[in-house]
Amino acid sequence: MDFQKEKVVVKNLYKIFGSKSNRAFALLEQGHSKEDIYQKTGLTIGVQDASFTVHEGEIFVVMGLSGSGKSTLVRMLNRLIEPNAGSVIVDGKDVTQMSHDELVQFRLHNMSMVFQSFALMPHQTVLENTAFGLKLAGIDEEQRNRRAKEALKQVGLDGWENASPSQLSGGMQQRVGLARALAVDPDIMLMDEAFSALDPLIRAEMQDELLKLQQQHQRTIIFISHDLDEALRIGDRIAIMQDGVVVQVGTADEILRSPANDYVRSFFKGVDPTGILTTRDIVRNNHPTLIITKGGNIPATQEYLSTSDRDYCYLLTPDKKLLGVVSTESLREVAELASATARLSDAYLQDVPTLGLHDVLTDIQPVVASSPCPVPVLDDEGNFKGVISKSRFLRILHKPERIIHSVQEAHYA
C-alpha cells in the first residue's frame, strides 16, 4: 500500500527519568552514553531524540529489546508519560502543547490504547468493559451499548456481552481489550505488547484478527513488540530502538538489505529471507538474449544458442520487451519441418510464465518449479530484467544466508 498522508510526526522527543533532567541533557550534548549518565547522575535516559513519521492507514511497529525505550515512547504519544522535550504532531496539532481538557478529549476520541495486561475491570460485564471509554466520553447508554456490541462482533465475541472477564480465556480477554479500543472508533490505535502475554497459537489468531480488521477499516496503528516474527507479519514499516534511540526505520526489506548497525543486524539473524526479499534480489541476466527485428532468423538463432552453451534464449524487441522464449529443442523441431513458411515465432515455447520485479520469493516458488524454462522477470513497464532458474532458487532455499549477504554487499557496493 502507498501511504501518502502524514498522520503522526514525532520530532526530537526526549524522556529522562529523575529530577534535574538538565544535567542529563548537558551530558548528552557532550556525547556521554546512557550508562555513563546514569552512573554520573542517577538519571535514566528513557527516550533520546526520537524522530519519525507514521502515515495514515499503516501499521507501524516499534521494536527493541527490554529496556530499549519502546513502551516509554508509545506512552509519550498520548502523554501517559510526559516528555521532557520534543513534539508529537497529530493531524497538524501538537499533543505536547494540549491543555488538560484538550488532552482528555483527544484520548477519548482520537487515540485509543490496548495494553498487554488486558486491563479489564473484573466487576463489570464484557459489554460494560467494552463500553467503558464511551461512558467516559459521555455517550448515552443506548448508543454506547450499540457501539460496544458492534465492536464485540468485529472481534468475534458477539453473544458474550453478559459474561464476566473471569469466564473468558486469555485470548478472549484480549479481544475485549481490542473491542474496547475499537468501540470509540479512533483514528489512531496504540498497542503496547498487546499480544505478547498470549499463547503462540492464540497470538497468531489475534494477529490475523488485527490484519482482517485493518482491511475493513484502515486505521493508523502504532504497535509495540519485541518479537521480530510479529513485526514482520503485521508491520508495514518497523522502527528499531536501542538504548532509547530510534536507530533505524524502514520496511523489513529495507532493513534486511541495509541494517544500520550490528544491533539491527542481530535482530534479523536467522530470519528466512524468502518471506521478505523479492525477485529483484535474485534475478540474473546471464541467459542468452537476442534483439529481434523483422521476425528473426531460425538458423542464426540456433547458431547463437549453440555458441552460448545454453538451452534457452530470450527474444526481445529493441526496447527490451519480451517476445518469447526458444530452446535448442524447439528450434530443432521447427527447423526439421523444412518449411519455407517456418518462422522463428513457431519455435516459441508455450505456457512460459513471467514474474514481476517485486514478487516475494515465497510466492514465486510454484511458478519457478512448474516453468519449462528459467522464468523471465519483467519490471513495471514490461521490460525484460533477467531470469530466475530452478537451480538458483533451490540454492537460496538451501542457503538463505547467502542471499542476505549478497544483497547487503550489493547495497554497499
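Residues numbered from 1 in each chain as written. Predicted model: local features only at pLDDT ≥ 70, side-chain atom pairs only at ≥ 80, totals over all residues. Heavy atoms only, no water.

Chemist: Tell me what's going on with the overall build of the chain, and back it up with residues and numbers.
Modeler: Tallying secondary structure elements over the chain gives 17 helices and 16 strands in all. In terms of overall size, the chain is more extended than a compact globule, its C-alpha atoms giving a radius of gyration of 28 Å where 413 residues would be expected to give roughly 22 Å. Along the first, second and third principal axes, the C-alpha set of the chain runs to 90 × 60 × 35 Å. A burial count over the chain gives 49% of its 413 residues as buried. For the chain, long-range pairs separated by at least 24 residues make up 66% of all intrachain contacts whose partners lie at least 6 apart in sequence. Only carbon and sulfur atoms are counted for the fraction: they give 47% of the accessible area of the chain, which is about 20300 Å². Taking the average location of the 43 positive side-chain charges in the chain and that of its 54 negative ones, the two points are 3 Å from each other. (Helix = DSSP H or I, 4+ residues; strand = E, 2+ residues; numbered from the N terminus. Rg over C-alpha atoms; globule rule 2.2 N^0.38 Å. Buried < 20%, exposed > 50% of the residue type's maximum accessible area, 1.4 Å probe, protein only. Contact = heavy atoms within 4.5 Å. Areas by Shrake-Rupley, 256 points an atom, 1.4 Å probe, with all protein chains shown as cover. Lys, Arg positive; Asp, Glu negative; His and termini not counted. Charge placed at Lys NZ, Arg CZ, Asp CG, Glu CD.)

Chemist: Quick rundown of helix α3 (residues 70-77)? Include the residues and the values.
Modeler: Among the eight residues that make up α3, six are buried, leaving the element largely enclosed by the rest of the structure. Of the residues making up α3, those classed as buried are Lys-70, Thr-72, Leu-73, Val-74, Met-76 and Leu-77. Downstream of α3 by a residue or two, Arg-79 has a phi angle that is positive, lying close to 60 degrees.

Chemist: So what's going on with the domain arrangement of the chain? Which residues, and what values?
Modeler: Annotation of the chain at the domain level lists domain 1 (6-110 + 186-271) and domain 2 (280-412). On a C-alpha basis, the centres of domain 1 and domain 2 stand 45 Å from each other. (Domains from an automatic or database assignment.)

Chemist: Pulling in residues and values, what's your account of the sheet that holds strand β14 (residues 355-356)?
Modeler: With mixed pairing, three strands are arranged side by side in an open sheet as β14-β15-β16. Strands at the two margins of the open sheet, each flanked by one partner only, are β14 and β16 (384-388). Examined bridge by bridge, β14 and strand β15 (residues 375-378) share two bridges and lie parallel to one another. Residue pairing in the sheet places Leu-355 in a bridge with Val-377 of β15. (Pairing = 2+ DSSP bridges.)

Chemist: Give me the pattern of salt bridges: which residues, what numbers.
Modeler: What the rule picks out here adds up to 17 salt bridges. A salt bridge links Asp-187 to Lys-7, with the nearest nitrogen and oxygen atoms 3.8 Å apart. With Asp-187 in the loop between α8 (170-183) and β7 (188-192) and Lys-7 in strand β1 (residues 6-17), this residue pair connects regions lying 180 residues apart in the sequence. Of the charged contacts in the structure, one is a salt bridge between Asp-208 and Arg-233, with a shortest N-O distance of 2.6 Å. Taken together, the residues span a long stretch of sequence, with Asp-208 in helix α9 (residues 200-216) and Arg-233 in helix α10 (residues 228-234) at a distance of 25 residues. For Arg-233, a relative accessible area of 36% translates into the label partly exposed. One salt-bridge network, held together by shared partners, links Lys-5, Lys-7, Glu-56, Asp-91 and Asp-187. (Salt bridge = Lys/Arg side-chain N within 4 Å of Asp/Glu carboxyl O.)

Chemist: Let's hear about the nonpolar core: which residues, and what values?
Modeler: With 62 residues, the main nonpolar core has Leu-178, Met-191, Phe-223, Ile-240 and Ile-388 as its most contacted residues. Take this core: its biggest share by element is seven residues, from α8. Counting the residues that make up this core, at least three belong to each of domain 1 (6-110 + 186-271) and domain 2 (280-412). Here Ile-388 is in contact with Thr-279, Ile-282, Val-283, Leu-355, Ile-364, Val-368, Pro-374, Val-375, Val-377 and Phe-393, once residues within four sequence places are set aside. One finds Val-74, Met-98, Met-111 and Ile-188 within the second-largest nonpolar core, a separate group that totals 29 residues. (Core = buried A, V, L, I, M, F, W, Y, C linked by side-chain atoms within 4.5 Å.)

Chemist: Residues and numbers for the sheet that holds strand β2 (residues 44-55), please.
Modeler: Spatially, the four strands line up as an open sheet ordered β2-β1-β4-β5, and their pairing is antiparallel. This sheet does not close on itself; its edge strands, each paired only once, are β2 and β5 (93-94). In this sheet, β2 lies alongside β1 in antiparallel orientation, the contact comprising eight bridges. Its bridge partner being in β2, Leu-13 is matched across the sheet by Ala-50.

Chemist: Account for the side chain of Ser-389, with residues named and values stated.
Modeler: With respect to the helices and strands, the residue Ser-389 is situated in the loop between β16 and α16 (390-398). Engagement of the side chain of Ser-389 in a polar contact is seen with the backbone nitrogen of Arg-392, the distance being 3.2 Å. If near-sequence neighbours (up to four positions away) are discounted, Ser-389 is found in contact with Val-368 and Pro-374. (Polar contact = N/O pair within 3.5 Å; in protein donor to acceptor, adjacent residues only side chain to side chain.)

Chemist: I'd like a description of the packing of aromatic side chains, backed by residues and values.
Modeler: The tally for this structure, following the rule as stated, stands at four aromatic pairs. A centroid spacing of 5.2 Å and a plane angle of 15 degrees characterise the contact between Phe-52 and Phe-60, whose relative ring orientation is stacked. Both residues of the pair, Phe-52 and Phe-60, belong to the buried class. An angle of 80 degrees between the planes, with centres 5.2 Å apart, marks the rings of Tyr-263 and Phe-267 as edge-to-face. Of this pair, Tyr-263 and Phe-267 both sit in helix α12 (residues 262-267), four residues apart, which is roughly one turn of that helix. On the accessibility criterion, Tyr-263 (15% relative accessible area) is buried. (Phe/Tyr/Trp six-rings, centres within 6.5 Å; stacked < 30°, edge-to-face > 60°.)

Chemist: Quick one: what's the story with a negative patch on the surface, residue by residue and with numbers?
Modeler: A cluster of like negative charges, contributed by Glu-128, Asp-140, Glu-141 and Glu-142, occupies part of the molecular surface. Looking at where Glu-142 falls in the secondary structure, it is placed in helix α7 (residues 141-154). On the basis of relative accessibility, which here comes to 68%, the residue Glu-142 falls in the exposed class. (Patch = residues over 30% accessible without salt bridge, like charges linked within 9 Å, V, L, I, M, F, W, Y side chains within 5 Å.)

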